[in-house]
Amino acid sequence: MSSPEEWTHPGPDAVPATGAAPTAEQVIAGLKATDEGGSDLVQLLTPEGERVHHPDFDVDVTAEELRGLYRDMVLVRRVDREANALQRKGELGLWAPLLGQEAAQVGAGRAMRARDMAFPSYREHGVAWCRGVPPTDLLSMFRGTDQCGWDPVEHRFHPYTIVIGNQVLNATGYAMGQRFDGAVGDDGGEATMAFFGDGATSQGDVHEGFVWAAVYDAPVVFFCQNNQWAISEPTERQSRLPLYQRARGYGFPGIRVDGNDVLATLAVTRWALDQCRTGNGPVLIEAFTYRMDAHTTSDDPSRYRLSDELELWKLKDPIERVKVHLVKQQWADQEFFDQVELEAEELGARLREHCSSLEAPPAERIFSQVYAEGSPVVDAQREEFLSYHAGFLGGER
């Protein structure tokens, strides 16, 4: 891995940009130099469960810590699969699966400190888990009974953002406030993380956030989960360069990490957050991973991607590689794995029970938290709507 100076300033051997459009084959080759994410990929745990070392990034974890990361990923996957099933049964209005992205989210989430702030999109269920947000609170939002079931200040985890890329601007503004408040500058400083997907990098809000963060040295880590598909559009339809290299244009470092490797993600994210909290931010991380399920439960991925691609990525499952490593190191036995599975079963049962017990909010709830203070316009809209709604309840229409 090269130095941050080389990340932000191309070396003398760099190929100059030209006006000639590359062929489709050249674009794909540049984006996916190998099926592992290219030569610049930071990896510490191979798909076969072998521990490898990196000259610039490493992390020392105890057996207990690695067992904890494994447990996190198993339980997060169970939350995801349970919620997906609940939506299929009509219990949730929508669900955005994270299947296959557990290592990226748990590694990043566990790298954060208590005072750091996270700004998610709508798929960061694993980060929510790491920030102490009860998974039941996620269900109430996707069922439509609550706008945000948790306290963002208490958990340092912003409400989900459905508008693609908008959370990057919010995170940048928050991080600028951290700098203005003097909350950065040493190891005890604060930092912010903005989570978004590869598709969001085509949105203007993301680029505006990059510009402002660079100009103000905002302590923000831009964490892009490149799961290869922006709904039905592959990454090569969005960029000529690997996404992490876009950071060069804004003057801050960009790193590509194996997003299916929880140890590598943990190490790189810790480094990036430390850079930010000591006043050297921002940083762009591209977590090279794969979305094993649909974009949301309203999507059918079989219409735009091949089953062979899915089967290839199944061999890189983020949970299995940790399990294999735990067994090889004799850091976990069958009793431990059985206990985690039992915990997952109990969690699934709690989620099902909670979801079925959620009560529909009253009709006026939609108007109750629009503004911090009362608004005559909203008040008038509420009265008009409730009058209209009462007509249906009275059986007049």
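Preceding block: the structure.
Residues numbered from 1 in each chain as written. Predicted model: local features only at pLDDT ≥ 70, side-chain atom pairs only at ≥ 80, totals over all residues. Heavy atoms only, no water.

Trainee: Help me understand the overall build of the protein chain, please; the structure alone is not making it clear to me.
Mentor: Assigned secondary structure in the protein chain consists of 14 helices and seven strands. Every one of the 397 residues in the protein chain was classed for burial, and the buried ones make up 50%. Expressed as a percentage of contacts within the protein chain between residues at least 6 apart in sequence, the contacts between residues at least 24 apart total 76%. Taken as a whole, the protein chain presents about 18,500 Å² of accessible surface, with 51% of it coming from carbon and sulfur. (Helix = DSSP H or I, 4+ residues; strand = E, 2+ residues; numbered from the N terminus. Buried < 20%, exposed > 50% of the residue type's maximum accessible area, 1.4 Å probe, protein only. Contact = heavy atoms within 4.5 Å. Areas by Shrake-Rupley, 256 points an atom, 1.4 Å probe, with all protein chains shown as cover.)

Trainee: Please clarify how the packing of aromatic side chains should be interpreted in this entry.
Mentor: Two descriptors summarise a pair of aromatic rings, namely the distance from one centre to the other and the angle between the planes of the rings. Applying the stated criterion across every chain yields a total of 24 aromatic pairs. Taken together, a centroid distance of 5.7 Å and an interplanar angle of 70 degrees make the contact between tryptophan 150 and tyrosine 160 edge-to-face. A residue pair is termed long-range when its members are at least 10 positions apart, and tryptophan 150 in the loop between helix H6 (135–143) and helix H7 (152–155) and tyrosine 160 in the loop between H7 and helix H8 (166–180) qualify at 10 residues. As far as burial versus exposure is concerned, tryptophan 150 and tyrosine 160 are alike and both buried. On the numbers, 5.2 Å between centres and 50 degrees between planes, the contact of tryptophan 229 with tyrosine 304 is tilted. (Phe/Tyr/Trp six-rings, centres within 6.5 Å; stacked < 30°, edge-to-face > 60°.)

Trainee: For this particular structure, what's the right way to read the nonpolar core?
Mentor: The nonpolar side chains of a soluble globular protein tend to be buried, and buried together. Counting 70 residues, the largest nonpolar core has Tyr70, Tyr160 and Leu263 as its most contacted members. Among the elements that line this core, the one with the most residues is helix H3 (residues 63–88), at 10 residues. Aside from chain neighbours lying at most four places away, what touches tyrosine 70 is Ile319, Val322, Lys323, Leu326, Phe336, Phe337 and Val340. Counting residues in hydrophobic clusters, the runner-up holds 20 residues, among them Met117, Phe119, Phe196 and Ala247. (Core = buried A, V, L, I, M, F, W, Y, C linked by side-chain atoms within 4.5 Å.)

Trainee: Sorry if this is basic, but what is going on with unusual backbone geometry here?
Mentor: For residues that are not glycine, phi is negative in most cases, and the peptide bond is trans in most cases. At the junction of glycine 281 and proline 282, the peptide bond is cis and its omega measures out at 0 degrees in the coordinates. Positive phi, close to 60 degrees, is recorded for glutamine 330, a residue that is not glycine. Counting through the fold element by element, glutamine 330 comes out in the loop between helix H12 (318–328) and helix H13 (334–357).

Trainee: Help me understand the pairing of strand E3 (residues 220–226) in this model?
Mentor: Each regular strand carries side chains that alternate between the two faces of the sheet. Burial runs high along E3: seven of the seven residues are buried. The side-chain alternation of E3 yields two buried faces, one formed by Val220, Phe222, Cys224 and Asn226 and the other by Val221, Phe223 and Gln225. Where strand E2 (residues 192–197) meets E3, six bridges bridge the pair, whose relative direction is parallel. Residue phenylalanine 196 lies in a different strand from E3, and its bridge partner there is cysteine 224. In terms of handedness, the path from E2 via helix H9 (residues 204–215) over to E3 forms a crossover that is right-handed. Note: E3 against strand E7 (residues 283–288), six bridges, orientation parallel. Residue pairing in the sheet places phenylalanine 222 in a bridge with leucine 284 of E7. (Pairing = 2+ DSSP bridges. Right-handed = clockwise from strand over helix to strand, strands pointing away.)

Trainee: Honestly, the sheet that holds E3 in this entry has me stumped. Any pointers?
Mentor: For sheets, the rule is that strands pair by backbone hydrogen bonds, running either parallel or antiparallel. As summarised here, the arrangement of the five strands in space is E1-E2-E3-E7-E6, forming an open sheet in which the pairing is parallel. What marks the edges here is a single partner per strand, and that holds for strand E1 (117–119) and strand E6 (254–258). Strand-to-strand twist in this sheet, taken as the mean axis angle between neighbours without regard to direction, amounts to 20 degrees. Helix-sheet contacts for helix H4 (residues 102–111) involve E2, E3 and E7, and the interaxial angle to E3 is about 170 degrees. (Axes fitted to C-alpha atoms, helices over the stretch in contact; angles between N-to-C directions.)

Any functional reading would require information beyond the geometric quantities listed.
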